[in-house]
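# Summary of structural features
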Amino acid sequence: MSLSVRLSHAFPGFGLDIAFDAPPGVTVLFGRSGSGKSTVVRAVAGLMRPAAGRIALEDRVLFDSGARIMLPPHRRRLGVVFQDARLFPHLSVAQNLRYGARFAPQGGRDDTARVVEMLGIGPLLSRRPGALSGGERSRVAIGRALLSRPEMILADEPLAALDAARKAEILPYFERLRDEAGVPILYVSHAAEEVARLATTVVVLEAGRTVRQGPALEVLGDPGVAPTGVRAVGAVLEAVVRAHHPDGLSELDAGGVALHLPRVAQKPGQRLRLRIAAQEVMLATAEPRDISALNVLPGRVEAVLPGQGPGAIVTVETPAGKLLARVTRRSAGALGLAPGRPVWAVVKSVSIAPEDVGAPS
Amino acid sequence: MGWLGPEEWAAVALSLKVAFWAVAASLPLGIVTAYALARWSFPGKQILNGLVHLPLILPPVVTGYLLLLTLGPQAPLGGALESMGIVFAFRWTGAALAAGVMAFPLMVRAIRLSVEAVDPKLEEASATLGAPPLAVFATVTLPLILPGILAGAILAFAKAMGEFGATITFVSNIPGQTRTLPSAIYAFLQVPGGEAAALRLVAVSVGVAMGALLLSELLGRWIARRVAGA
């Protein structure tokens, strides 16, 4: 099941011209606020009519300006998870969930018990939305969308309204959704760590245009992709947990290189994905000794991309995968960093935050 | 009813019947009109809005006379309806119609306010979950505007109970037929020694009005609690 989107629309002072394909898995629409992400979701959901374009889910046409097709939202079979949850205030949690199932196609098994279990909302069933916390509301909204048995889930910044603790609470549910429910997801976000953890495919939007799309590891490892600012630049690696050490560290194996980071939730043998922010990576041209940082990866400079300010982003090819390092242009010059130069990338264990570690897609 | 004479009791019973039917018959139209004014944009919307509010601004006698001109026995529309067995002029049904027309703007205003208070985002969410437009209205909009509908209905009921000018112009003041509570009070005040009966009816009026207000307050609170979702 894949979604193909081509659309253009003119707003006063803002034009939208979007083209992308969302293959199975999680496709993240990544871009800063005002780049047109939410408009794309509204157009796909049928809540706004673009001036021109075509939107199709596999061979089912949802919108085609040429053929004058505009399927109303209730016939699109897309489950939308809104940023503000939008639970019905006059219904209990159980009734909200049942509302999702009510208009779902007949036949098929009743998934309620499984969805309630997966989202951990059993204890909330008899409550009213007004009595729920933000995180609980989000989980119920996800469940309600799932129970309408959609052919695809659209999630419009479902975590943006939540604080860091609540985000950490909800993200794993989206990972489970991706890995267990098998429903393709179009996920809108402007947060790099959400993209790194969830995305199978990344589509980068900038000022109403699609500027880049492709497999997540590839797009996120591209130093030119920084839609939400240079601080959000970071590479994403995949690794296997090797062991948990008694001093609170976990040892991972990333392409034969050992990485140490603060204790992760995954068990030994499990795969995970981690994002290493470019500004947490240091480079050395001689192998560093006697330093406190535990992770030293040998590699070779692949490219140096000078920024507009004093910084530059250096792409380093290591056995663990591509790493990005943000250094000053002065250092890049002093060290003679140029494509082909052997370097050591240094990463402090504690600089890898827990929200940057998640299950692989 | 020991303390009310048969004539007075007839007036009270008739008024209750007239007000009930005035509200019951106009409520569906009131809901549709309020929804249309709150949510849709269509040519002639301001004209519809003006028409709905007209009875609030016009002298009631004028409204009653206009009803007589359009639905009276001599009027083409009234004649056509009469041949179908529907007669308004000088019948209690006419009193209900006059009361309904006079109360309509109050009803629509209350419901419209509550429709405007419903977040359209909830209706969008309902549609994305697969609900066709009518189901969106029935399962989301309607339950959320229930307090407004109730307030509008009770306000309209109270207004219908007290309607005088349009009623007496359209359907006159026939005992047992169109003599509603206000008409009866007026009639009693016209005859010597009628003050006592008039006073008794005034007491009934006050009682009904207070009762309606109290009931709307209680029901309103109950529904608000349900809808607030706490």
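Refer to the structure presented above.
Each chain has its residues counted from 1, following the order in which its sequence is written. Here the convention is simple: chains get letters from A, ligands get numbers from 1, in the order in which they are written. Owing to the predicted nature of the model, reporting of local features is limited to residues with pLDDT of at least 70; listing and counting of side-chain atom pairs is limited to 80 or more, with chain, interface and lining totals taken over all residues. Neither water nor hydrogens contribute to the side-chain values; these are computed over all heavy atoms in the structure.

With that settled, consider unusual backbone geometry. All names here are of chain A. The residue Ala-85 is not glycine, and still its phi comes out positive at about 65 degrees. What counts as a helix is a DSSP run of H or I of at least four residues, what counts as a strand is a run of E of at least two, and both are numbered from the N terminus. Inspection of the secondary structure assignment puts Ala-85 in the loop between β7 (78-81) and α2 (93-102). Classification of residues uses two cut-offs on accessible area relative to the type maximum, computed with a 1.4 Å probe and protein chains only: under 20% is buried, over 50% is exposed, and between them is partly exposed. Take Ala-85: its relative accessible area is 5%, and that puts it in the buried class. The backbone phi angle of Arg-86 is positive, close to 55 degrees, even though this residue is not glycine. Looking at the secondary structure, you find Arg-86 in the loop between β7 and α2.

Together, Val-62, Tyr-65, Leu-66 and Leu-69 of chain B give the surface a local cluster of nonpolar side chains, amounting to about 350 Å² of exposed area. Looking at where Leu-69 of chain B falls in the secondary structure, it is placed in helix α3 (residues 60-71). Excluding any residue in a salt bridge, patches collect residues exceeding 30% relative accessible area, merging like charges within 9 Å and nonpolar Val, Leu, Ile, Met, Phe, Trp and Tyr side chains within 5 Å. All accessibility values rest on the Shrake-Rupley procedure with a 1.4 Å probe; residue burial counts only the protein chains present in the view. Counted as salt bridges are all cases of a side-chain nitrogen of Lys or Arg within 4 Å of a carboxyl oxygen of Asp or Glu.

This brings us to the pairing of strand β19 (residues 321-328) of chain A. All names here are of chain A. When DSSP locates at least two bridges between a pair of strands, those strands are taken to pair. Bridge count between strand β18 (residues 311-318) and β19: 8 bridges; the pairing is antiparallel. In the strand pairing of β19, Thr-315 is matched with Leu-324. Following β18, the chain reverses through 2 residues before pairing antiparallel with β19.

Moving on: the packing of aromatic side chains. Each aromatic pair joins two rings of Phe, Tyr and Trp (for Trp, the six-membered one) with centres within 6.5 Å, and gets the label stacked for planes under 30 degrees apart, edge-to-face for over 60, and tilted for any other angle. All chains considered together, the criterion is met by 8 aromatic pairs over all chains. An angle of 25 degrees between the planes, with centres 6.3 Å apart, marks the rings of Phe-11 of chain A and Phe-14 of chain A as stacked. Look at Phe-14 of chain A and you get partly exposed, because its relative accessible area is 25%. Between Tyr-35 of chain B and Phe-137 of chain B, the aromatic rings sit 5.3 Å apart at their centres with planes inclined by 90 degrees, giving edge-to-face as the arrangement. With Tyr-35 of chain B in helix α1 (residues 6-39) and Phe-137 of chain B in helix α7 (residues 133-162), this pair connects stretches of sequence that are 102 residues apart.

This part is about the pairing of strand β12 (residues 234-244) of chain A. Regular strands show a simple pattern: their side chains alternate between the two faces of the sheet. Residue and element names in this part refer to chain A. Pairing analysis gives 7 bridges linking β12 to strand β15 (residues 271-277), with the strands arranged antiparallel. Across the sheet, residue Val-240 finds its bridge partner in β15, namely Arg-271. In the sheet, β12 pairs with strand β13 (residues 249-254) via 4 bridges, with the strands oriented antiparallel. Paired with Ala-243 across the strands is Glu-251, a residue of β13. Between β12 and β13, which pair antiparallel in sequence order, lie 4 residues; one of them, Gly-248, sits at a positive phi of approximately 90 degrees.

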